[in-house]
Every structure is written in structure tokens, then in C-alpha cells.
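Working through the structure, step by step
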Amino acid sequence: AIGLGGGAAGMAAARAMLDAGARVVLIDKEKTLGGNSAKASSGINACCPPHSRSEGNADDSMQSFAADTARSAQREPGALITLLANSSADAVEWLRTRVGVDLSKLAKLGGHAHARTHRPSNGMVGAEIVFALQRELKKYEKSDALQIRTSCRATRLVQDAAGAVVGVAHVDASGAESGLRAHETVLATGGYANDRSVTSLLQRYRPDLYALPTTNGAWATGDGMKMAMEIGAASVDMEHVQVHPTGFVDPADANSSTKVLCGEMLRGVGGILLTPVGERFVDELKPRDKVVAAE
């Protein structure tokens, strides 16, 4: 099997395929694994893993989680939101028990009716998840079960005469082009919020956000989505790009197109937002779009 993408999704998919007995080649265009997943700081939302039941979320339910998510997304709780909510507890339990991630802290963050954001007791959630997944994958890399190819950029999905995907073409660190064939190809990459290219998906779907700075890494250029679209894959919800209300600004480079995320966690544990004259102007735990729009 081939896994495209070295963030948490790609590494988790590779881990699951290895558990199922597959031989896996994991490909990422960066020098190191992690992607945007390594930048996540505030936690992972889930309802309701048994280990985290407390007074703060005793009345929580998957229906409530789905409703909060739908309200924040300004839509009805359809199939994808329901799937997210219903699968969330299993995802956290898998990270805890199968991968060994500490998710012992629980908080109520913006847009949530209950405490359901899980994070480590020490460290940032993204870095901890990435580290733990890498540690698990290294166990397989010593055998023939897993190859990890970094600095390797996928260029297109390879199809057979019937149109089925049978592999991927890629360019390695030396610039050499080659192909890789497999029975299964898992696409777990494609974030496009830092895509400033002539084929920018951000410009195509949300031109109003194109000029805004981003906290995404330079690698978030939509490669996976573009490759899938080129062979006729349908897309959904491409216009739903979230604007985060807080970021850290370097005074020496205030106009930089890339910022450092000021995570939800800082507002969730008591951080407040003030105007330049020291006035609080918004409830910091409202959904992110409401905080962004506040004046």
C-alpha cells in the first residue's frame, strides 16, 4: 500500500494498514514528517471517551457535539459532522491505547457546550501525537513492512486502463522521477490554505481570503486534492476555510504572510481579548467566526 502525506492523518493511516498486515510506503514531500499536525496546540475534540467522564461533561453526548459543530459551521448536522462526532471517542482511545499519547487534560473551548477538548498534561497536542506516531512507525521501518520516503513529492496518481488508481508518480530529493505501484493508495494530504501558486485552490474557492496571512506551513499547497481532481475525483466543502481569530505577530515583520498560531487553548484557560485601549470586546469562547467578526 502507498500512503501519501506525513501528517497525523497519513501516519495514522499507515499505522492502521500495518496493523492489518499490509506492506506500506509512506511518502511526504518535506524533509521530516509532521506537517501542519505538528503545529496543533490546543487539543483534540471528542465525546465521550470513558476515561474523561467528569462533572464538566457528564451531560455531554454525541448529539450535542454534532449540534455544536454544525452551529459553528453554520449548517445542518449532516453525514460528515455526524461521522466526526460518532467516531471521535474511538479516535482518542486509539491515540491513547494504541499509540500511547497522553490526553489526560480536558477543557471546554470555544463553541462547545461541554468540556470535550483533550490535550496532554505536558506539551502541545500536535507535537505529542506526531512524536508518538513516528515512534510507532519506526518499529516497522526496521523491517520490510514499512518504507518512509521524505523529500519525495508525488506528482500524479497512476491509473490502469479501467481508471482505477494503481500507484503514484513522484520526484525524489535528487530530482529523479519514478513511479510506485500498489494495490491500495491512501490519499491523506492536500491542505491548501498556504497555496499562492497559479493553480491556487484558495484563490479558486475563497478569493476573499487569499490575501490574508496564514499559520499553515509552506507545504500546504493542495497537492493531494489537485492530483485527485485531475483524475476526476469529486470535491466537497472546498469553500469552508476557517479564519482563526488569534495569532502571534512579530513586530519586526508585522506584514509577514505567515504567522504563528495563538491557539484556542490560551482563550480556553482564561485569556481575554482587549482593544488597544484595554477594553474587552467579545466572549472569547464563542465560535471562532463570531470572535473573528467581533469589533
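A brief structural summary. Bear in mind that the values here come from a model prediction, so they are computed numbers and not experimental data. (Residues numbered from 1 in each chain as written. Predicted model: local features only at pLDDT ≥ 70, side-chain atom pairs only at ≥ 80, totals over all residues. Heavy atoms only, no water.)

**Side note on a nonpolar patch on the surface**
Where nonpolar side chains cluster on the molecular surface, the patch consists of L80, L83 and V236 and spans about 310 Å² of accessible area. Positionally, L83 belongs in helix α3 (residues 79-99). (Patch = residues over 30% accessible without salt bridge, like charges linked within 9 Å, V, L, I, M, F, W, Y side chains within 5 Å. Areas by Shrake-Rupley, 256 points an atom, 1.4 Å probe, with all protein chains shown as cover. Salt bridge = Lys/Arg side-chain N within 4 Å of Asp/Glu carboxyl O. Helix = DSSP H or I, 4+ residues; strand = E, 2+ residues; numbered from the N terminus.)

**Re the side chain of H170**
With respect to the secondary-structure elements, H170 resides in strand β8 (residues 165-171). A polar contact is formed between the side chain of H170 and the side chain of R149, at a distance of 3.5 Å. Setting aside residues up to four positions removed in sequence, H170 forms contacts with I27, R149, C152, R153, A154, T155, A176, E177, S178, G179 and L180. (Polar contact = N/O pair within 3.5 Å; in protein donor to acceptor, adjacent residues only side chain to side chain. Contact = heavy atoms within 4.5 Å.)

**Topic: the sheet that holds strand β4 (residues 105-107)**
Read across the open sheet, the three strands follow the order β3-β5-β4; overall the sheet is antiparallel. Every other strand in the sheet has two partners, leaving β3 (44-45) and β4 as the edge strands with one partner each. The pairing of β3 with strand β5 (residues 117-119) spans two bridges and is classified as antiparallel. When the sheet's bridge partners are listed, N45 is paired in β5 with T117. (Pairing = 2+ DSSP bridges.)

**Side note on the environment of V243**
If you trace the backbone, V243 turns up in the loop between α6 (223-230) and β11 (247-248). The exposure class assigned to V243 is partly exposed, which follows from its relative accessible area of 29%. Along the backbone, V243 and V291 are 48 residues apart, and their C-alpha atoms lie at a distance of 9.9 Å. The residues touching V243, leaving out its near neighbours within four places in the chain, are L209, L212, R288 and V292. (Buried < 20%, exposed > 50% of the residue type's maximum accessible area, 1.4 Å probe, protein only.)

**Some details on the pairing of strand β2 (residues 24-27)**
Successive side chains on a regular strand alternate, one facing one side of the sheet and the next facing the other. What you see with β2 is no split at all: V24 and L26 on one side and V25 and I27 on the other are buried throughout. As paired strands, strand β1 (residues 2-4) and β2 are joined by three bridges and run parallel to one another. Within β2, the residue paired with G3 across the bridge is L26. Running through helix α1 (residues 8-19), the crossover from β1 to the neighbouring parallel element β2 is right-handed. Across four bridges, β2 lies against strand β6 (residues 146-149) in parallel orientation. (Right-handed = clockwise from strand over helix to strand, strands pointing away.)

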